[in-house]
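An overview of the molecular structure
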Amino acid sequence: MKCPFCGMEDTKVIDSRPADDNAAIRRRRQCEKCSKRFTTYEKVETLPLMVIKKDDSRESYDRSKIEAGVLRACHKRPVSAGQIRQLINEVETEIFTCEGREIPTTVIGELVMDKLKSLEEVAYVRFASVYREFQDVNTFLLELEKLYKKQD
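Summary of the structure given here. Remember, predicted model here, so these are calculated numbers, not experimental data.

Take the packing of aromatic side chains next. A ring pair, where both rings are aromatic, is described by two values, the distance of the centres and the angle of the planes. With the rule as written, the count across this model stands at one aromatic pair. Each ring, one from tyrosine 61 and one from phenylalanine 96, has its centre 5.4 Å from the other, and the planes form 85 degrees; the classification is edge-to-face. On the criterion of sequence distance, the pair formed by tyrosine 61 in the loop between β5 (58-60) and α1 (63-73) and phenylalanine 96 in helix α2 (residues 81-97) is long-range, its members being 35 residues apart. We classify phenylalanine 96 as partly exposed; its relative accessible area is 27%.

Along the chain, the position of glycine 100 falls in the loop between α2 and β6 (102-104). With relative accessibility at 45%, the residue glycine 100 sits in the partly exposed group. Expressed as a C-alpha distance, the spacing of glycine 100 and leucine 49, which sit 51 residues apart in the sequence, is 8.5 Å.

Now for the layout of surface pockets. Within this model, the largest pocket holds a volume of roughly 660 Å³. Around the largest pocket sit 22 residues that line it, and Lys65, Ile66, Thr105, Phe127 and Tyr131 are the ones nearest its centre. Breaking the lining of the largest pocket down by element, the ones donating at least two residues are β5, α1, α3 (105-119) and α4 (121-131). Broken down by element, the residue count for the lining of the largest pocket peaks at six residues, all from α1.

In this structure, Ile66, Val70, Ile95, Val112 and Leu116 are the most contacted members of the largest nonpolar core, which totals 27 residues. Broken down by element, the residue count for this core peaks at six residues, all from α4. Apart from residues no more than four positions distant in its own chain, isoleucine 95 is found in contact with Leu49, Tyr61, Ile66, Ile103, Ile108 and Leu111.

What counts as what
- Residues numbered from 1 in each chain as written.
- Predicted model: local features only at pLDDT ≥ 70, side-chain atom pairs only at ≥ 80, totals over all residues.
- Heavy atoms only, no water.
- Phe/Tyr/Trp six-rings, centres within 6.5 Å; stacked < 30°, edge-to-face > 60°.
- Helix = DSSP H or I, 4+ residues; strand = E, 2+ residues; numbered from the N terminus.
- Buried < 20%, exposed > 50% of the residue type's maximum accessible area, 1.4 Å probe, protein only.
- 1 Å grid on protein atoms, 1.4 Å probe; cavity = no way out; pocket = protein on both sides within 12 Å on 5 of 7 lines; lining within 4 Å.
- Points joined across faces, edges and corners; volume = space filled by probe spheres on them.
- Core = buried A, V, L, I, M, F, W, Y, C linked by side-chain atoms within 4.5 Å.
- Contact = heavy atoms within 4.5 Å.

Okay, structure coming up:
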C-alpha cells in the first residue's frame, strides 16, 4: 500500500480488526520511510449493482448518493456520524442481499425511510418530503398524521 504522505510503496500493517459488522477489515499501517500512520479498509468486491431510476434509466449504484440524502435529512439533528454510517451500512446490506443485479430507486428510498423513521423522526420527514416530492402542505400534514398515529 502506497503511503498517502510521502508516496513510498513500502508500508507495514501494525493492526488489523473487523469493521462494519465484519463486512470489512480495518488496517492501521505505518510507512517505513516517513513513519506516519494511516488507516485503510478492505471490503469484498461485489458485482456491479445497477439502479433503475424513476425515468427507467439505469446507472451504477453509488453509496455517496444515499449518504448525501441522509446527511441532508439529519442536518442539525441529534444523529451521530456513527449512526448515519450504521444506517447506510444496513441499507447497503439489504440492497446487496437482494436477488438480481438491478434495484429500483423506489426500493432504496423506502429502505432509507424505514431506517430513518426508527432513528430520528424529523430526519425521516425531511427525507420523505424530498423523496416523495411533497407538492403542498397538505401532503406534508398527511405524512405527519401517519407518523403521529403510529406512536399511539
